[in-house]
Amino acid sequence: MPTLACDEFDLELTLDSGQTFHWQSLGAGFVGTIGDRAVYLEQRGADLKVRGAETSPPARKTRPLAEVVARYFALDHPLAEICASLPDDPAIQTAAAFCRGLRIMRQPRWECLATFITSSMKQVAHIRQMSLALRQCFGRKLGINGAHVYAFPSAVNLARATEKELINCGLGYRAKNLLATARRVAGGEADVEGWAALGDEDLRARLCELPGVGPKVANCVMLFAYERLRAFPIDVWIERVLRQHYFPRRRRLTTAQLRDFAARHFGEHGGYAQQYLFHHARKTRPRRLSPRTR
DNA sequence: CTCCAGGGATGAT
DNA sequence: ATCATCCATGGA
């Protein structure tokens, strides 16, 4: 199987860090899609084994799969330098050590935006379920390693859906927002590709105009699909971590103050800092003790 | 500024 | 089987 060198990379950790919600474990690796391509991935140390779909209509000239994978997982990010640039405080240093090899991905823009619109007020298991349902109902079916996966549906395809169909995919009140946003993107009113040329503030403003997109979702999309490594999404987990470690006995603290602090303290790679704090907090969350073990 | 809808998996009892 | 918990956005 074709192999790609991947230093300072942990595939499983990266796929399990709340950036993407459709990869499934299969044998010793994972199957999923990158754009319209079905992919099987398996990591052995610094080797990343990569297999593309056995395409039935033989693919026309396309970019080499290794390039596509390397770009998707941002294997070009200088991880050692990024970690060295993070502030030297115990909270972030502990989290960064815990998350060695976790990279901030470069996901397809529409797929990332649509998925994070569905993510609001949902936990990872739900988001995975909705992603799968949307793919099965509206996406293209692809074969890989004897399994099958579904590409994420284009905005045009989702724009043709009815609200009821999206509700049947488990979206609840998010159906209306996703449908409205899909229609704006499909109609060219919202140019999610063209927006890549905008500065951070303008991009955030454009994203926040879309139905179902607030500051948190906008920051996730900026970070995971637009390479804006300063973007610092603040959800309840991160808010807890920030208050606990950086403002231990300050009671009155607005979200605006937290935002300003994060931007100043974590700087140009704030998104990496956020992802490390987030993943560490989730994976080391204090589990409630049952009465028996207490 | 505050309050609240909303809903299904998850874990505790 | 029942019950509490988790959660971002948007609108009142």
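The text that follows walks through the structure, step by step, so that each part is easy to find.

Scoring rules and cut-offs
- Numbers given for residues are sequential positions, taken from 1 along each chain in its written order.
- Just so you know, chain letters begin at A and ligand numbers begin at 1, following the order they were written in.
- Per-residue local features are limited, in this predicted model, to residues with pLDDT of at least 70; the limit for side-chain atom pairs, both in listing and counting, is 80 or more; totals at the level of whole chains, interfaces and linings are taken over all residues.
- Only heavy atoms go into the side-chain values, all of them from the structure, while hydrogens and water stay out.
- Secondary structure elements follow DSSP: runs of H or I no shorter than four residues count as helices, runs of E no shorter than two count as strands, and numbering proceeds from the N terminus.
- For the radius of gyration, the atom set is restricted to C-alpha positions; the globular benchmark scales as 2.2 Å times the number of residues to the power 0.38.
- Under the scheme applied here, a residue whose accessible area is under 20% of the maximum for its type counts as buried, over 50% as exposed, and between as partly exposed, the area being computed with a 1.4 Å probe on protein chains only.
- We call two residues in contact whenever any of their non-hydrogen atoms come within 4.5 Å of each other.
- For accessible areas, the Shrake-Rupley method is used with a probe of radius 1.4 Å. Any residue's cover is judged against the shown protein chains and nothing else.
- Working convention for charge: Lys and Arg count positive, Asp and Glu count negative, and His plus the chain ends are omitted.
- By convention, the point assigned to a charge is CZ for Arg, NZ for Lys, CD for Glu and CG for Asp.
- Definition of nonpolar core: a set of buried residues of the types Ala, Val, Leu, Ile, Met, Phe, Trp, Tyr and Cys, connected through side-chain atoms within 4.5 Å.
- We call a residue near a molecule or strand whenever a single non-hydrogen atom of that residue lies within 4 Å of it.
- Two N or O atoms form a polar contact when they lie within 3.5 Å of each other; inside protein one atom must be a possible hydrogen donor and the other a possible acceptor, and for residues adjacent in sequence the pair counts only when both atoms belong to side chains.
- Each residue gets one of three labels, nonpolar for Ala, Val, Leu, Ile, Met, Phe, Trp, Tyr, Cys and Pro, charged for Asp, Glu, Lys and Arg, and polar for the others, Gly among them.
- Strand pairing is assigned whenever DSSP detects at least two bridges linking the two strands.
- Axis definition: a line fit to C-alpha positions, over the contact stretch in the case of helices; interaxial angles, taken between N-to-C directions, run 0 to 180 degrees.

## Here we look at the overall build of chain A
- In terms of helices and strands, chain A carries 14 helices and 7 strands.
- Computed over its C-alpha atoms, the radius of gyration of chain A comes to 20 Å, within 12% of the 19 Å expected for a compact globule of 294 residues.
- Judged by the C-alpha coordinates and their principal axes, chain A covers about 60 × 50 × 45 Å.
- Every one of the 294 residues in chain A was classed for burial, and the buried ones make up 48%.
- Contacts in chain A between residues far apart in sequence, at least 24 positions, make up 68% of those at least 6 positions apart.
- As presented, chain A carries roughly 15,200 Å² of accessible surface, and 50% of it is formed by carbon and sulfur atoms.
- Across chain A, the 43 positively charged side chains and the 29 negatively charged ones have centroids separated by 8 Å.

## Considerations on the nonpolar core
- In this structure, Trp-110, Leu-166, Leu-207 and Phe-266 are the most contacted members of the largest nonpolar core, which totals 73 residues.
- The element best represented in this core is helix H11 (residues 215-225), accounting for 8 residues.
- Residues contacting Trp-110, with those up to four places away along its chain left out, are Phe-152, Pro-153, Ser-154, Ala-155, Leu-158, Leu-178, Thr-181, Ala-182 and Val-185.
- If you look at the next biggest cluster of nonpolar residues, it comprises 19 residues, including Leu-4, Leu-65, Tyr-72 and Leu-75.

## Structural notes on the protein's contact with DNA strand C
- Residues in close proximity to DNA strand C total 17 residues, the closest being Met-121, Gly-212, Val-217, Asp-235 and Trp-237.
- Among the atoms of DNA strand C lying within 4 Å of the protein, the sugar-phosphate backbone contributes 56%.
- At a separation of 3.4 Å, a phosphate oxygen of DNA strand C approaches a polar backbone atom of Lys-216.
- Val-236 is positioned with one of its backbone polar atoms (N or O) 3.4 Å from a phosphate oxygen of DNA strand C.
- Taken together, the residues that form the surface near DNA strand C break down as 9 nonpolar, 4 polar and 4 charged.

## Focus on the sheet that holds strand S4 (residues 37-44)
- Taking strand neighbours across the sheet as the criterion, the 5 strands line up as S1-S5-S4-S3-S2 in an open arrangement whose pairing is antiparallel. A strand with exactly one partner marks an edge of an open sheet, and here the two such strands are strand S1 (3-5) and strand S2 (24-26). Averaged over all pairs of adjacent strands, the angle between their axes in this sheet comes to 35 degrees, without regard to strand direction.
- Inspection of the sheet shows S1 paired to strand S5 (residues 47-52) by 3 bridges, in the antiparallel sense. Paired with Thr-3 across the bridge in S5 is Lys-49.

## Focus on unusual backbone geometry
- Of note in this structure, Ala-74 is not a glycine but carries a positive phi near 50 degrees.
- Residue classification places Ala-74 among the buried residues on the basis of a relative accessible area of 0%.
- One non-glycine residue, Met-121, adopts positive backbone phi at about 65 degrees.
- Structurally, Met-121 can be placed in the loop between helix H5 (109-118) and helix H6 (124-138).
- Residue class for Met-121 comes out exposed when judged on its relative accessible area of 75%.

Geometric values such as these leave the question of function open.
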